[in-house]
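One letter stands for each residue in the lines below.
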Amino acid sequence: MSQLSVPSSLGRPGALGGLRATWAVIRREWTIFIRYPSWIISMFIWPIIFPLGYIFTARALSGVDGSGLATFQQNTGLTEYVGYMAVGTMIWMWQNIVLWQVGYALRNEQMRGTLESNWLSPTARFSYLFGASVPQLISVLMLMTVAGLEYALLFGVKFHGSLWLAALVMLAAVPSVYGLGFAFASVVITAKEANAFVFLARGIVMVFCGVTYPLAIQPQWMQDVAAWLPQTYVIHAMRSAALSTDGWAGIARDLGMLLLFGLFWLAAGYALFLWMERRARVTGAIGQY
Amino acid sequence: MHAQTLSQPTLASHLRALFALVRKDWKQYWRYPLNAVSAMFHPLIWIAPIYFMGLAFSINGKAEGFAQFSGTTDFMSFILLGTVLENFINAVFWGMGYALKNDMDSGVMESNWLTPIPRLLILVGHSVTNLVVTMITSIGMLFFAGLIFGFHPTGNLWAAFAPVVPMMIGLYGFGFAFAAVVMLLRDANALVDMSSFLVQTFSGSTFPVNALPRFLLPVALALPLTYGLDAVRSRLIGTTTILPLPWEMVLLVVFMFVMLWVGMAAFRSLERRVRVLGTLGQH
């Protein structure tokens, strides 16, 4: 009797199966994203209207004769205050979107009632979270591109820096921004209603990371806190890459810090995910909401 | 004996209905006291970056540039007043529409609509708790913001109420129209978020509107709220006004009547449309 080859069972998924599962999650999330045109319209409008309040306040603070602006230029070393505000607020928006979308990816599945059944399928569970992040990252890249074009065309912002360095900064920021999102997703699925956590996290970024002002203006204790937040380095590096002509020298230290933070947040995000997964199996609470 | 039926409501029954609505909203709000804490501290998160930004533009600690547009170097009092007034504006402007949306989501909208109560009264009822809660949380916010950033009103508080009254009454008109739009569209969150943000920005909640680029200035001048904010600030912290103060008061009173009339007419027309479509219970 010839020996029959035993097909790899669904209970023993391989790397290829994991990739297929991730691809299925990516495709599903993308389909949901393009199903709602209002989300796409928002992507064009929010980058323009969100920083407006800060930009006009900065314009008022500059004064009729530009005396305030001269002080601001001394403090920041940059002449482009609209671009300065725009870069800071766009990075804040990026982190805010990740907290809501990646942070709530599993929670949304829980609310739809599909999380428990997905959890029982023989796929690597992290692929649900990772898969949800990919379309989100693509939409953020589109948002950043649209925002850059809108600022250049509507506000006349001159991006003196390098597009490639700006892209490099984004790439270096991805692990820390999304690692935080992964960590958040695990907290949210455990705490259920976790809006207050999002408000707290995005509030910390808004207050400490220099979204609209140079860090040197803050008291020392706030600067010490800011030094422990990766978004501080993302904002500083992106301003340097996009608005100044400092080139590589202007972002090298920030990139190093971002890679360190990225390693930490990815590890923390994955560890929290494993903890949440184990806890969910023990308590059986994964389907509750 | 002629018994009075429920379909023949009186003023007393209207007041009882209003009281019931206010009590219901009040109980619901304080069931989640963290909401009040959030309402006090959340604005501080948006204000903090402006505070530091102001310092970055200041010469020897004074916002001289800001004074050229507004007439005061005390930019934090300017912004804090704007934030408090925006809280009240939001409570009336969007609060009624949001309350209707909540009724729709919790499935009580249709049954409430069948009661013999004037529908505008239902909307007004929904705004009362909002206004009282906004007053409490705004006082708390001002207290903490004053401690952190400093708040220095120098004018007469009672005189500052004069422009607030026509502005708030006029806002009810807009609130009625907006509530009707929410009934028609059912899910208007994206619309609300964007339009409230734009109205807030262009009415000058954080900056004097004469600092706007010339092509955007007409947008600000077309909003009655701009004059309300301007007049209150002038009376409380002595800023220079866009127009002479009496003119601004006249404009606010005219806007009050126009907005009330337009809002009520829009509400009646759209509400009839929703009843014809039969979509009142859908969400």
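Preceding this paragraph is the structure being described.
Predicted model only: the values in this text are computed from it and were never measured.

A. Local environment of the overall build of chain A. Within chain A, the regular secondary structure consists of 13 helices and 0 strands. The secondary structure elements of chain A, listed N-terminal to C-terminal, are α-α-α-α-α-α-α-α-α-α-α-α-α. Summarising its shape, the C-alpha atoms of chain A cover approximately 90 × 35 × 35 Å along the three principal directions. Evaluated residue by residue, chain A yields a buried proportion of 51% over its 289 residues. Residue pairs at least 24 apart in sequence account for 79% of intrachain contacts in chain A once pairs closer than 6 positions are excluded. When the accessible surface of chain A is split by element, carbon and sulfur atoms take 68% of a total near 13900 Å². One finds the centroid of the 17 positive side-chain charges in chain A at a distance of 12 Å from the centroid of its 11 negative side-chain charges.

B. Spotlight on the packing of aromatic side chains. Counting across every chain of the model gives 36 aromatic pairs over all chains. Both rings, one in phenylalanine 50 of chain A and one in tyrosine 54 of chain A, keep their centres 6.4 Å apart while their planes meet at 70°; by these two values the pair is edge-to-face. Phenylalanine 50 of chain A gets classed as buried once you look at its relative accessible area, which sits at 7%. An aromatic cluster of at least three residues, connected via ring pairs, comprises Trp46, Phe50, Tyr54 and Trp92 of chain A together with Trp46 and Phe197 of chain B. Over the face of the ring belonging to tyrosine 84 of chain A we find arginine 239 of chain A, whose NZ or CZ atom lies 3.6 Å from the ring centre. Against the face of phenylalanine 78 of chain B rests arginine 233 of chain B, its NZ or CZ located 3.7 Å from the ring centre.

C. Local environment of helix α6 (residues 105-112) of chain A. All names here are of chain A. Where α6 is concerned, the buried positions are Ala105, Leu106, Arg107, Glu109 and Gln110. Along its buried surface, α6 packs onto α1 (15-35), α5 (81-101), α7 (115-120), α8 (126-154), α9 (163-191) and α13 (248-283). Once α6 finishes, glycine 113 follows within two positions and takes phi at roughly 85°, a positive value.

D. Molecular detail of the interface of chain A and chain B. In this assembly, 38 residues from chain A lie in contact with 34 residues from chain B. Put simply, chain A and chain B have 0 salt bridges between them. Scanning the region where chain A abuts chain B turns up 8 residue pairs in polar contact (both at pLDDT 80 or more). Among the secondary structure elements, those contributing two or more residues to the side of chain A that touches chain B are α2 (37-49), α3 (52-62), α4 (67-76), α5 and α10 (195-208) of chain A. The element contributing the most residues to the side of chain A that touches chain B is α3 of chain A, with 10 residues. Residue classes in the side of chain A that touches chain B are distributed as 23 nonpolar, 12 polar and 3 charged.

The rules behind each value
Residues numbered from 1 in each chain as written. Chains lettered and ligands numbered in written order. Predicted model: local features only at pLDDT ≥ 70, side-chain atom pairs only at ≥ 80, totals over all residues. Heavy atoms only, no water. Helix = DSSP H or I, 4+ residues; strand = E, 2+ residues; numbered from the N terminus. Buried < 20%, exposed > 50% of the residue type's maximum accessible area, 1.4 Å probe, protein only. Contact = heavy atoms within 4.5 Å. Areas by Shrake-Rupley, 256 points an atom, 1.4 Å probe, with all protein chains shown as cover. Lys, Arg positive; Asp, Glu negative; His and termini not counted. Charge placed at Lys NZ, Arg CZ, Asp CG, Glu CD. Phe/Tyr/Trp six-rings, centres within 6.5 Å; stacked < 30°, edge-to-face > 60°. Lys NZ or Arg CZ within 6 Å of the ring centre and 35° of its normal. Salt bridge = Lys/Arg side-chain N within 4 Å of Asp/Glu carboxyl O. Polar contact = N/O pair within 3.5 Å; in protein donor to acceptor, adjacent residues only side chain to side chain. Nonpolar A, V, L, I, M, F, W, Y, C, P; charged D, E, K, R; others polar.

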